[in-house]
Amino acid sequence: MPQEVFVFMHLCCPAVKDPMVVERSNLLSMMKLSIKVLIQSSLSLGRTLDSEYPPLQQFFVVLEHCLKHGLKVRKTFIGQNKSIWAPLELIEKLCPESADISTSVRDMPGIKTGLGRARAWLHLALMQKKIADYMKELINRRELLGEFYEPGALIMEEEGAVIVGMLVGLNVIDANLCVKGEDLDSQVGVIDFSMYLKDPQATETTQDDSKMTAILDQKHYIEELNRHLSCTVTDLQAKMDSLEKTNSKLIEELTAATDRINALREEQEQLKQENAHILQTSQRKEEVTLQDSQLELETYRQTRQGLDEMYSVVWKQYKEEKRIRQLQKELELQIGLKQEMEVAMKLLEKDTHEKQDTLVALRQQLDQVKNLNLQMFNKAQESDRVAQKKEEDMERLEKKMIQMEAAMKELEQRCQNCCCCSLFRAGLESELSTEKEQRQNMQRELHREQDNSAELRTQLQQLQGLQMELLDLRQEKKQLQQLCEEQEQALQEMGLHLILMIDFLIIIMIVFSVFQGHAWLKDDEATRCKQCQKEFSISRRKHHCRNCGDIYCNSCSSNELALPSYPRPVRVCDICHSLLLQRSSIRS
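Attention in this report is confined to the structure presented alongside it. No experiment lies behind these values; they were computed from the predicted model shown. (Residues numbered from 1 in each chain as written. Predicted model: local features only at pLDDT ≥ 70, side-chain atom pairs only at ≥ 80, totals over all residues. Heavy atoms only, no water.)

### As for the overall build of the protein
Formally: Numbering of helices and strands runs from the N terminus, with a helix taken as a DSSP run of H or I at least four residues long and a strand as a DSSP run of E at least two residues long. Partly exposed describes any residue whose relative accessible area lies between the buried limit of under 20% and the exposed limit of over 50%, with all areas from a 1.4 Å probe on protein chains only and scaled to the type maximum. The contact definition used throughout considers only heavy atoms, calling two residues in contact when any of these lie within 4.5 Å. Accessible surface area values rest on a Shrake-Rupley calculation with a 1.4 Å probe, where residue burial reflects the displayed protein chains alone.
Across its full length, the protein carries 14 helices and six strands. Across the 588 residues of the protein, 24% fall into the buried class. Considering only residue pairs separated by 6 or more positions, the protein has 62% of its internal contacts joining residues 24 or more positions apart. Here the protein has roughly 43,500 Å² of accessible surface; of this, 55% comes from carbon and sulfur atoms.

### Some points on the packing of helix 5 (residues 99-107) against helix 6 (residues 114-128)
For any two helices packed against each other, one specifies the inter-axial angle together with the distance between the axes. Basically, it comes down to this: A fitted line through C-alpha atoms represents every axis, and for helices the fit uses only the stretch in contact; the resulting angles, taken between N-to-C directions, go from 0 to 180 degrees. Any angle between 65 and 115 degrees counts as roughly perpendicular, while under 35 counts as roughly parallel, over 145 as roughly antiparallel, and the rest as oblique. Rotating anticlockwise by less than a right angle from the far helix to the near helix defines a left-handed crossing, while the corresponding clockwise rotation defines a right-handed one. In this classification, Asp, Glu, Lys and Arg are treated as charged, Ala, Val, Leu, Ile, Met, Phe, Trp, Tyr, Cys and Pro as nonpolar, and every other residue, Gly included, as polar.
Running from amino to carboxyl end, helix 5 crosses helix 6 at an angle of 140 degrees, the nearest separation of the two axes being 10 Å. With respect to their mutual orientation, helix 5 and helix 6 come out oblique. Here helix 5 and helix 6 pass one another in a crossing that is right-handed. Mapping the contact onto sequence places Ile101, Ser102, Ser104 and Val105 in helix 5 and Arg117, Ala120, Trp121, Leu124, Ala125 and Gln128 in helix 6. A breakdown of the residues in the contact of helix 5 with helix 6 according to their chemical character gives six nonpolar, three polar and one charged.

### Comments concerning the packing of aromatic side chains
This is how the line gets drawn: In this analysis, rings of Phe, Tyr and Trp, with Trp reduced to its six-membered ring, are considered paired at centre separations within 6.5 Å, and the interplanar angle assigns stacked below 30 degrees, edge-to-face beyond 60, and tilted for intermediate values.
Tallied over the full model, the rule gives four aromatic pairs. A centroid spacing of 5.7 Å and a plane angle of 45 degrees characterise the contact between tryptophan 121 and tyrosine 134, whose relative ring orientation is tilted. Here tryptophan 121, found in helix 6, pairs with tyrosine 134, found in helix 7 (residues 131-140); they are 13 residues apart in sequence, far enough to count as distant. On the basis of relative accessibility, which here comes to 1%, the residue tyrosine 134 falls in the buried class. A centroid spacing of 5.5 Å and a plane angle of 35 degrees characterise the contact between tryptophan 315 and tyrosine 318, whose relative ring orientation is tilted. Residue tryptophan 315 and its partner tyrosine 318 are located together in helix 12 (residues 207-417), separated by three residues, close to a single helical turn. Through pairs of rings, three or more aromatic residues link up here, namely Tyr311, Trp315 and Tyr318.

### Quick notes on helix 6
The cut-off we apply is this: To estimate the expected span of a helix, count its residues, drop one, and scale the result by 1.5 Å. In protein, a polar contact requires one atom able to donate a hydrogen and another able to accept it; more generally it is a pair of N or O atoms within 3.5 Å, and residues adjacent in sequence count only if both atoms are side-chain atoms.
Taking 1.5 Å per residue, 15 residues should reach 21 Å; helix 6 reaches 21 Å between its end C-alpha atoms and fits that length. Here helix 6 lies mainly inside the structure; eleven of its 15 residues are buried. Those residues of helix 6 lying buried are Leu115, Gly116, Ala118, Arg119, Ala120, Trp121, Leu122, His123, Leu124, Ala125 and Leu126. Buried residues along helix 6 sit in contact with helix 3 (54-68), helix 4 (85-94), helix 5 and helix 7. The backbone nitrogen of glycine 116 lies 3.2 Å from a side-chain oxygen of the residue at the head of helix 6, namely threonine 113. Just downstream of helix 6, lysine 129 is the residue with a positive phi angle, here 60 degrees.

### Structural notes on the nonpolar core
The test is simple: Here, nonpolar core refers to any group of buried Ala, Val, Leu, Ile, Met, Phe, Trp, Tyr and Cys residues whose side-chain atoms link them within 4.5 Å.
By size, the foremost hydrophobic cluster in this structure holds 60 residues, and its most contacted members are Met31, Leu56, Phe59, Trp121, Tyr149, Leu167 and Leu170. Of all the secondary-structure elements, those providing two or more residues to this core are helix 2 (19-45), helix 3, helix 4, helix 5, helix 6, helix 7 and helix 9 (158-167). Discounting chain neighbours no more than four positions away, the residues touching leucine 56 are Leu38, Leu49, Asp50, Leu126 and Leu177. Within the second largest apolar cluster, 16 residues are counted, among which are Ala526, Phe536, Cys576 and Leu580.

### Considering a negative patch on the surface
Counted only if it meets this: Within this analysis, patches are made of residues with over 30% relative accessible area and no salt bridge. Like charges are joined at 9 Å or less; nonpolar side chains (Val, Leu, Ile, Met, Phe, Trp, Tyr) at 5 Å or less. Whenever Lys or Arg places a side-chain nitrogen within 4 Å of a carboxyl oxygen from Asp or Glu, that contact is recorded as a salt bridge. This count recognises Lys and Arg as positive and Asp and Glu as negative, with His and chain-terminal groups excluded. By convention, charge coordinates are those of NZ in Lys, CZ in Arg, CG in Asp, or CD in Glu.
A surface patch of negative charge is lined by Glu391, Glu392, Glu395 and Glu398. Turning to its location among the elements, glutamate 392 is positioned in helix 12.

### Side note on the pattern of salt bridges
Under the definition given, this model contains eleven salt bridges. In this structure, aspartate 174 and lysine 129 form a salt bridge, with 2.5 Å as the shortest nitrogen-oxygen distance. Residue aspartate 174 is located in the loop between helix 9 and helix 10 (194-197), and its partner lysine 129 is located in the loop between helix 6 and helix 7; the two are separated by 45 residues in the primary sequence. Lysine 129 gets classed as partly exposed once you look at its relative accessible area, which sits at 32%. As a salt-bridge pair, arginine 528 and glutamate 535 come within 3.1 Å of each other at their nearest N and O atoms. In this structure glutamate 535 comes out as partly exposed when scored by relative accessible area, which is 47%. Beyond isolated ion pairs, a larger network of salt bridges with shared partners links Glu64, Lys68 and Arg119.

Right, dumping it as structure tokens:
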């Protein structure tokens, strides 16, 4: 923005601190002045305005400054770009009526910059008297303008709506502006404040000056009209030339089309004649062919009867042979299944015999353990009885020993009392010695009985251990029985799975043979035998395997087998021969 605008802004509102607010208020006041001066001068002038009218030029400059206020700078590959053409292009989407202006502006050859296109668009919108409507549509969609303007811009605030309201007054003005001849790209937009600071008394001119200006304006208007008329005349002449050329071309095409139509008519007549001749000949041929076809039908019916009889006889024979073959196959399958069942039964019998032998051995071991347990139990009971008897004898002996000790004490007392009787003492001593010997013998017997009781206790402990082993053996027997049952179930399941797997393998082999058996190798592609790798010659000839389609020598393909695609046994290589035999064994 030029320096004079900033000076004027500071003069108008010095108390405002925010520069954006100051700029908005100054631009609004400048817009008011420019619109007021433009309307007053145009009404006093009383004619259409051209592009050289100074108030109109100043109005466009002020409007351009208002639209540039707060405009964002866009970065491109060339550099930074700040143009008002981008927001004005939005009006084409918001208001479809402005599409003609924008397309005409884009098609102008002399305008290259975005600023020039924006200036041309403003000129054309003023001439249409719709600049206020277009700007109103643009300001109402401020959410779209946020992409091009900063938040404090004039168009984004209330001042923009005020300017739109003032632009409505420009609909009174009639303007005839020539946009093609002007250099809109390089114009410098500077506001001339001298126009708005003049004294109104000094601005009043004389009647002569007004007449001169009116004459000059009429002259300029007439020149502009002549220029427009000359342009329209040249355009009309060019259109006339193009129309004459197209008319001559159409006349030539008409003559060519009439010639073609005449030729086609002649061809149509010839075709009609040929068609009639062809119809006659075709009718004759049809009659002859009908007679021939009737004869052929009679012969065909006679042959058909004979063939039907032959076919019925052959079909009956075929059904019988098929039934016999099916029965043979079923018999073979049943024989194979019977053999397999016999083998499986033999295996199961062997397993059952082995398991029965193990069960008999386990039962014998259990019987032996039971007998041992009974013997040990009887021995334990007898040892308990002997121990009880010996304990009773020990108690009796102890009682006797106590009595003998008491008698000894009495005897000693008596001996002390009666020392004189030595004979009695000698007898007592002999009795004591005998009693001592008996006591020693009793002690020995006690020791023996204690040893016997210890042995019996050890035997009891051994019996208890044997009982524990017996319980463990019973548990093991139960576990073995469970394992035997589980293994039998697993064998049954494995047998079922094996049968299913054999069926699946048979299906896979059949599918593999179907997909692989039709690859027929050409004679030129093979120079050696596929199996022995020997070169073919006059003596060693080529032979195809009818199953895999490869080429072998005579020694490697001397086998013959019946295949489903051939009614008789055909030549097969050694590899396919072994595979097919394995497959047939698996099926059986």
